[in-house]
Amino acid sequence: MLKRISLSDKIVIVVIYILLSLLAFSALYPFWNAIAVSLNVGVDTAKGGITFWPRQFTWENYEIILQDSRLIDGFLISVARVIVGTVSSIFMTALLAFGMTRTYLIGRGYYMVFFVFTMYFSGGLIPTYLLNRSLGLMDSFLVFIIPSLISVWNMIIFRTFFKTLPAGLEESANIDGCSTWGVFFRIVLPLSGPVIATLALLTAVGHWNDWFLPSIYITNEKLLPIQTILRQTLNANIVTGQSAVLDSASAALLQKTKQITSKSLTMAMMIVVTMPIILVYPFLQKYFVKGVLVGSLKE
Amino acid sequence: MRKMRKPLLVMASLCLVFATLLAGCSKSGDTNKPDPGTAKNEGQQQKNNNTTANNTDGKWVLGEKPLEFSAYAHYNNTDFPKWESTPIGKYLSEEKQVKINMIAAAGAHTQKLSAMMASDELPDMIWTDRDHPDIDRLYQAGKLVPYDDYLDKYPNLKTWMGDLNLLRHDDGKLYRFPNWYSSNPFGNAGYVINKKIYDELGKPKLETTDDLYDYLVKVKEKYGDSIVPFEPHRAQDMQGLGVLYTAFGEGALYTHLSSGLRAVPKDGKLTSILTDPVFREAQKYIAKLYREKLISQDAFNQTEDQVLERVMTGRVAVFAGASPTDFAGEAQAELTKTDPDGGYFMIWPIHKPGLDKNKIYPGTYTSFGWNAAYITTAAKDPEAIFAFLDWYTGPEGMNVQFFGPEGKNWQGFDEEGKPNFTENYDPKEVAEIQSKNNPVMFVGNTSYIDPAKYKYMANLPFEEQDWRTRYQQTITWPTQYNVTEFTGLNPAAESEEGIIQASVDEMFLEIYAKSVMAGSDEEVDKILDQGQKDLVSLGYDRLLEWRTAKWQENLAKMNKK
Amino acid sequence: MPQATTEQPRPPAYRQLKAHNKSLIRRLGKQWDVQLMVIPGIILVFIFSYLPMYGVLTGFMDYNLFTGANIWENPWVGFKHFVAFFNAPEFERLIRNTIIISLLKFVIGFPAPIILALMLNEVRHMMFKRVIQTITYLPHFLSWVIVAGLTMAMLSTENGSVNMILQQVGAIDEPINFLSLKQYFWSILISVNVWKEVGFASIVYLAAIASVDPHLYEAADIDGASKFKQIYLITLPSIIPVVIIFMILAIGGLLNAGFEDILLLAANPVLRPVSDVIDTYVYRVGLGTHRYSYAIAIGLFKAIISVGMLTMANYLARRSGNSLW
């Protein structure tokens, strides 16, 4: 197809490219810097001035973090949590949202108020904790999954997207003898690639980043996700006030241990924890390609 | 476009499969484990211990019977490492049947303990600050185990700590097992000077506040913006600026500024810090330094990293703080690598001209050390836990924690009770043992271990001694002041005084920072006058009254012995 | 009703009701399949959100943690904690700062990801687009501690890059102490926030834009419509439902001015008059000193105001045909 690009459009596009590049540079720099710092000797890092490249290269910081044998288990738990938690929550929430878009649904208005209310009012930590405990969710993998099956926020977004789907599709499906569930599975879900991908990503990030839930509900080490393990590791290394009373002769010898509980170690930890989830995004991007809807319509 | 549909369909069907799987999971989970929360396996094991312990009514002796309990560090940024991952834990669990299950909050400590309180599943031992509001809660609820019955049976704490009266709660019972208690002064507060700059400026006299001012001006003139003349560490915690306050009065203490006191004692009464002439003079001096850019302009909004960076690269001329030797010690090693004449040294604390320099105390300490260990009623056999802690804090326990099990690095005791170090003493191994045990030293005994450490240190040539220790004997320790009488002056968080304290603390920091940034001496006075008014309207007077009464009680208790 | 009975005396009121019920049940029975879609969600939300809801009552009590779920054992104190909050010396400035900061975050932070998404949409170069998308999403994963550390280093008066650049350009003679001067705080806070979250927040809008029918653009191209016109006439109208819903939700969240960012960036207590918001206050005074009931009461206060604002926003949005309920 021929495109006539006017001068003003060209200028607009150039400006956009420049702005985006600037933003991207500013967003990339802290990560680049973090990687450089994490690959630098801790004591040297304390002198500052590390920008793009490490000054005294070392793998030491990563070695310390990765030597923890629990990390592999933690990683697997995290991955399992992200997959099971995301898939089940997205499915349940999408189903609910689809139901909520049916205008003939009896009680729809009440349901909506019922859901939205919970976005603002909550009983607080203690009652929730006691409830989960009495449900047998303590020290159980399911505590990561079941309480967060329904996300009201995601439901609202799903609903908004579902509403924009052409009504004609459904009618024709109904005529073809499709039940409401059939419409959901065969038409609505397949047409909702971008929104599913988006909400799945947001949910997955939430599951991956959460360290709080396990630190309250999980005591069984085998069930701890990687985030919580790493926080514990870091916390066990920084003992406030305690090191001041160390034998000073040893303290001198121990400069090595002291330096590693430094910025370099923290950064190495940050990289280890965030990399896996960051890498998910590029793989999801293909679901944002235009034309999903139209392509399916034509069939 | 067709390609797109497949993965989505696969995803959808996966959803279904998972949904059914999940339904199955949750059901089986419910039936198999009716309430796993209460069925802690450690509890059962403890029961076993309990029965065995009760059968013999003799003393608990380490290694005779298995001991297992849970321990929890109630701190935001501190968790105990796994017991077996520390040398002492490995030794004790393998050889002496002592197993400790560490409970970690990973940063959610407030919520974690709240949840444990609400569900009544407390850890057996809690390790936290002496006056922590949560400990007060546990005490009010009767969830703490008093140690009084065990004190004579297991005498190490009593022997080494001495007077325990001030550690007692209102009911006269002892619930706190102090950590790093000491009868001798300790602490590192003071001033560290950049040697290279000092030499280049002709080694001027640095004794009084006037000397210091002149010196800082010279630094500014000579080096301009490349050097920070006076680095007060993080000023929100008052650190180095608080150290300057102590220069203006004999007996003016850093503690006067701290949240736990925030007052100046005068004739047996605690009075407002803001009306104290010494404080006002100090604030005017500090404000002048700040105004003339002699103090780091970022003092109130910098991170530890930024401070460390400046100290490490020798970009500060004078560095003051509650423990400036930590950073300076690390920097010393780095800076002297390239320039043997560089680095830092400590000076005797600065004083205002006319004052007695031997009555200036930049730092303070209490005989109780740092924090405390508490045993809760959740413990099945509190006596055994106490007995263990008592062994842990005694000479044998301390030596094992610091130098490893008897036999390798040390063997037996000398006539003073200090360990005899062997031929095989391996400084490297000892250093590693100490650093790894460090996080699980629950009940450190400074009174015992410091002389023991110095027994070994004394044999070392001066150069091999750590930079930090050189000044402890000569400068820092003699200039730290014992403020044990001012401990325990925090009202309960939910009491009226507690609420007043919270808002006074809030406001004070603001007033303090404002007065440092004031444009003139008059403005300092104005800010402090207004601040005094504001604090009084919050109920500051009432708080002072309450604290005066408590403080007098403390003094009475101390004089009783 | 009375009129109805006079006109049609036969079916008495209770029968009418019964008939109505019957028809309701019949109607429900007819749409069992749809109801089945929403009922699991309702049950889950009921269990995990409504069952613990009794906790809000502790805001009216002096809650003792050791009572656990038996909250009735605690003494009722009525509105004591609310009154204490309203009378707190900081109250006025807390409310003011909360509203100003969250309004600024809304006015600037809300459109920013939309603009980014629109800009990304104009990029034809697929590789470039993907790379930019991925990179701008990175800062979301940095913890506030790291971001605040970087910001403080950048704005430092000693070797801070911002001051150095400004001095080199000649815009200033002396370094400005940005993080201890009240007039700069809001701009710094908002800019850092936008920078951190813009990429991540734009993902939803990208998804919305991805659902726009490309034929519309083709037609517009043929008509010779300029880029701006296309955005204005095609893209924006297509994503408006999502934008409106997000706007309603954001208005409901206006009392959440942020917490960690403010706590870390406003390290200097001098800034409190402009930086202290409800959440930082609750953190310091409520959690910091462990006044559980007090914190709950403040949370409740916030929730009530939020729901009020949400309802208002929803009411206004109804005109556009896009509302929550």
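Placed above this text is the structure.
Residues numbered from 1 in each chain as written. Chains lettered and ligands numbered in written order. Predicted model: local features only at pLDDT ≥ 70, side-chain atom pairs only at ≥ 80, totals over all residues. Heavy atoms only, no water.

> How should the interface of chain B and chain C be read in this particular structure?
By a widespread convention, an interface's size corresponds to the accessible area lost as its parts come together. Each partner contributes residues to the interface: chain B has 36 residues there, and chain C has 32 residues. Across the chain B/chain C interface, buried area totals approximately 3000 Å², and carbon plus sulfur atoms make up 57% of it. Sorting the residues of chain B by area buried against chain C places Asn301(B), Glu506(B) and Glu510(B) first, and these three jointly supply 21% of that buried surface. Our enumeration of links across chain B and chain C arrives at three salt bridges. The salt bridge involving Glu174(C) is made with Lys293(B); its shortest N-O contact spans 3.2 Å. Within the residue set of the side of chain B that touches chain C, elements represented by two or more residues are helix 4 (109–118), helix 5 (133–140), helix 11 (304–312) and helix 18 (496–516) of chain B. Per-element accounting of the side of chain B that touches chain C gives the leading share, eight residues, to helix 18 of chain B. Among the residues forming the side of chain B that touches chain C, the class breakdown is 15 nonpolar, ten polar and eleven charged. (Contact = heavy atoms within 4.5 Å. Buried area = accessible area lost by both parts, 1.4 Å probe. Salt bridge = Lys/Arg side-chain N within 4 Å of Asp/Glu carboxyl O. Helix = DSSP H or I, 4+ residues; strand = E, 2+ residues; numbered from the N terminus. Nonpolar A, V, L, I, M, F, W, Y, C, P; charged D, E, K, R; others polar.)

> Just checking my understanding: could you explain the packing of helix 10 (residues 182–210) of chain C against helix 12 (residues 227–252) of chain C for this structure?
To describe two helices that pack against each other, one gives the angle between their axes and the distance between the axes. Residues and elements named next belong to chain C. Contact geometry for helix 10 and helix 12: axes closest at 9 Å, N-to-C directions at 140 degrees. Between helix 10 and helix 12, the angle falls in the class oblique. Handedness of the helix 10/helix 12 crossing: right-handed. Across from Val204, Tyr205, Ala208 and Ile209 in helix 10, the residues of helix 12 making contact are Thr235, Ile239, Val242, Val243 and Phe246. Residues that form the contact of helix 10 with helix 12 fall into these classes: eight nonpolar, one polar and no charged. (Axes fitted to C-alpha atoms, helices over the stretch in contact; angles between N-to-C directions. Parallel < 35°, antiparallel > 145°, perpendicular 65-115°, else oblique. Left-handed = near helix turned anticlockwise from the far one by under 90°.)

> Looking at this structure, how should I read the interface of chain A and chain C?
Every contact between the two is made by 88 residues of chain A and, on the other side, 93 residues of chain C. Both sides together, the interface formed by chain A and chain C hides about 8000 Å², and carbon and sulfur atoms give 78% of it. Across the chain A-chain C interface, the total number found is zero salt bridges. On the surface where chain A and chain C come into contact, there are ten residue pairs in polar contact (both at pLDDT 80 or more). When its residues are assigned to classes, the side of chain A that touches chain C shows 63 nonpolar, 16 polar and nine charged. (Polar contact = N/O pair within 3.5 Å; in protein donor to acceptor, adjacent residues only side chain to side chain.)

> Would you mind going over the sheet that holds strand 2 (residues 98–103) of chain B with me for this structure?
The strands making up a sheet associate through hydrogen bonds between their backbones, and the pairing can be parallel or antiparallel. All names here are of chain B. Taken together, the five strands give an open sheet; going across it, the order is 2-1-3-12-4, and neighbouring strands pair in mixed fashion. One side of each edge strand has no neighbouring strand; the edge strands of this open sheet are strand 2 and strand 4 (177–178). Bridge analysis of strand 1 (residues 67–73) against strand 2 gives six bridges, and the strand direction is parallel. Across the sheet, Ala71 pairs through a bridge with Met102, a residue of strand 2. (Pairing = 2+ DSSP bridges.)

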